[in-house]
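Listed below, chain by chain, are the residues.
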Amino acid sequence: MLLQLTTWQEVEAYLRTSTGIILPIGSTEQHGPNGLIGTDAICPEIIAQGVSKEIGAMVAPTIAVGMAQHHMAFTGTITLRPSTLIAYINDVVNSLARHGFDRFYFLNGHGGNIATVTASFSELYAEASLGTQSSNRPAIRCRLANWFEGPTVKALAKELYGDSEGSHATPSEVSLSYYARPDAVKTAAMSPKVAPKGIFTDADDYRRRFPDGRIGSDPSLSSVAHGERLYTAGVADVIKDYQAFLTA
Ligand code: NI
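So, here's what we can say about the structure. (Residues numbered from 1 in each chain as written. Predicted model: local features only at pLDDT ≥ 70, side-chain atom pairs only at ≥ 80, totals over all residues. Heavy atoms only, no water.)

Let's talk about the layout of surface pockets
We apply this condition: The distinction between a cavity and a pocket rests on a 1 Å grid over the protein atoms alone: a 1.4 Å probe fits inside a cavity but cannot get out, while a pocket stays open yet meets protein on both sides within 12 Å along at least five of seven lines, and a residue with an atom within 4 Å of a point counts as lining. Grid points are joined across faces, edges and corners, and a volume is the space filled by probe spheres set on the points. Note on conventions: DSSP H or I runs of at least 4 residues are helices, E runs of at least 2 residues are strands, and numbering of each starts at the N terminus. Three residue categories are used. Nonpolar comprises Ala, Val, Leu, Ile, Met, Phe, Trp, Tyr, Cys and Pro, charged comprises Asp, Glu, Lys and Arg, and polar comprises the others, including Gly.
Considering only enclosed or pocket space, the largest pocket measures out at about 600 Å³ in volume. For the lining of the largest pocket, the elements supplying multiple residues, two or more each, are helix H5 (151-161) and helix H6 (171-180). The element that contributes the greatest number of residues to the lining of the largest pocket is H5, accounting for four residues. In terms of residue class, the lining of the largest pocket is made up of seven nonpolar, 14 polar and eight charged. Its boundaries defined by the atoms lining it, the second largest pocket holds a volume of some 160 Å³. Along the wall of the second largest pocket there are 13 residues; nearest its centre are Arg 143, Ala 145, Gly 150, Pro 151 and Asp 241. Among the elements that make up the lining of the second largest pocket, the one with the highest residue count is helix H8 (residues 224-247) (four residues). Here the residues of the lining of the second largest pocket are counted per class, giving six nonpolar, two polar and five charged.

Here is the structure:
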């Protein structure tokens, strides 16, 4: 069930069967010469929708803009400040908690979100721990899961791409986004074939070190067919992890 395609009565009925909800969270940032700017939001969203089809889990609207300050030297990128994302997550979770949801499963598509989303969980738990005003709501639990780190997905990415997977604008995320949006598949020449690896500081430093946006990857290997396999693997990984989270 997608929250945005239900009525309030349907949400009430759902809450009698489950108090869990999946919240896809991504980023709006450059993904190299052939990757879509929405990749990090499109990937967790399509997997969450697949999980919902299989087991009927409720899926919240995708949080499509995240922590992308280091991509700001590339046109089209949008970023929040950490404090903005923490405030946003706080309000979304407290809204849903008021209705009776108490298990919040953030399905993430962007490594740069991890620190801030984890900090937002600490802010939410601190309300109960410190006994602040909103601590009268029922206890909640939050989990952050990265779709690209599921065991089946990781094994498949290794089998398909080996050392060409890299860490940004990876062929696995580009393939999954192409499966989700075959209308938006791109082709582009890339040189070198596998992008350099390394670390970076701010946005200008990132662009200097990684001029076409990729880090360590060869996304020219991407395909819709690979994306379909990654989708199936991702849905299986998340169903297992989500169900364990609901009963933990
Ligand atoms: Ni990405």
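Some thoughts on the sheet that holds strand S3 (residues 103-108)
Convention followed: For two strands to be treated as a pair, DSSP must find no fewer than two bridges joining them.
Taking strand neighbours across the sheet as the criterion, the four strands line up as S2-S1-S3-S4 in an open arrangement whose pairing is parallel. Unpaired on one side and paired on the other, strand S2 (58-59) and strand S4 (141-146) mark the two borders of the sheet. Relative to S4, S3 is paired through six bridges, and the arrangement is parallel. Across the sheet, the residue bridging to Tyr 105 is Arg 143, located in S4.

Concerning the packing of aromatic side chains
Rules: Side-chain rings of Phe, Tyr and Trp, where Trp is taken by its six-membered ring, are said to pair if the distance between their centres is within 6.5 Å; with planes under 30 degrees apart they count as stacked, over 60 as edge-to-face, and otherwise as tilted. The cut-offs for exposure are 20% and 50% of the maximum accessible area for each residue type, with area from a 1.4 Å probe on protein chains only; residues under the lower value are buried, those over the upper are exposed, and the others partly exposed.
One pass over the structure, following the stated rule, counts ten aromatic pairs. A centroid spacing of 5.3 Å and a plane angle of 85° characterise the contact between Tyr 105 and Tyr 242, whose relative ring orientation is edge-to-face. Of this pair, Tyr 105 sits in strand S3 while Tyr 242 sits in helix H8; the two residues are 137 residues apart in sequence, bridging distant segments of the chain. Since its relative accessible area comes to 1%, Tyr 242 is described here as buried. Through successive ring pairs, a cluster of aromatic residues spans Phe 74, Phe 200, Tyr 206 and Phe 210.

Considerations on the packing of H5 against H8
Packed helices, taken two at a time, are described by the angle their axes make and the gap between the axes. Just so we agree on the cut-off: Helix axes use the C-alpha atoms of the stretch in contact, all axes being lines fitted to C-alpha atoms, and the angles between their N-to-C directions lie in the range 0 to 180 degrees. When describing relative orientation, an angle under 35 degrees is termed roughly parallel and one over 145 degrees roughly antiparallel, while 65 to 115 degrees is termed roughly perpendicular and anything else oblique. Crossing handedness is defined as follows: a turn of the near helix away from the far one that is anticlockwise and smaller than a right angle gives a left-handed crossing, while the clockwise case is right-handed. It only takes one pair of heavy atoms within 4.5 Å for two residues to be counted as in contact.
Their axes nearest at 7 Å, the elements H5 and H8 cross at an angle of 155°. Of the possible angle classes, the one that applies to H5 and H8 is roughly antiparallel. Where H5 crosses over H8, the handedness of that crossing is right-handed. Contacts from Pro 151, Thr 152, Val 153, Leu 156, Glu 159, Leu 160 and Tyr 161 of H5 reach H8 at His 226, Arg 229, Leu 230, Ala 233, Gly 234 and Asp 237. Grouping the constituent residues of the contact of H5 with H8 by class yields seven nonpolar, three polar and three charged.

What about the side chain of Thr 77?
Applied cut-off: Two N or O atoms count as a polar contact when they lie within 3.5 Å, although within protein this holds only if one can serve as hydrogen donor and the other as acceptor, and sequence-adjacent residues are included solely when both atoms are side-chain atoms.
Turning to its location among the elements, Thr 77 is positioned in the loop between S2 and helix H3 (82-99). Polar side-chain contacts of Thr 77 include one of 3.2 Å to the backbone nitrogen of Gln 30. Other than its neighbours up to four places away in sequence, Thr 77 contacts Thr 28, Glu 29, Gln 30, Ala 68, His 71 and Met 72.

Looking at the coordination of the nickel ion
For clarity, the threshold we go by: Only N, O and S atoms count as donors, using a 2.8 Å cut-off from the metal and 3.2 Å for Na, K and Ca, and because water is excluded some sites may appear unfinished.
Donor atoms from the polypeptide that coordinate the nickel ion comprise His 31 (NE2), Asp 40 (OD) and Glu 173 (OE), at 1.9 to 2.1 Å from the metal. As a motif over one chain, the donors of the nickel ion read H-x8-D-x132-E. A relative accessible area of 2% places Asp 40 in the buried class.

Observations regarding the environment of Pro 82
Structurally, Pro 82 can be placed in helix H3. Judged by its relative accessible area of 44%, Pro 82 falls in the partly exposed class. Considering only alpha carbons, one finds Pro 82 and Val 59, 23 residues apart in sequence, at a separation of 24 Å. Dropping the residues within four chain positions of it, Pro 82 is found in contact with Met 67 and Thr 116.

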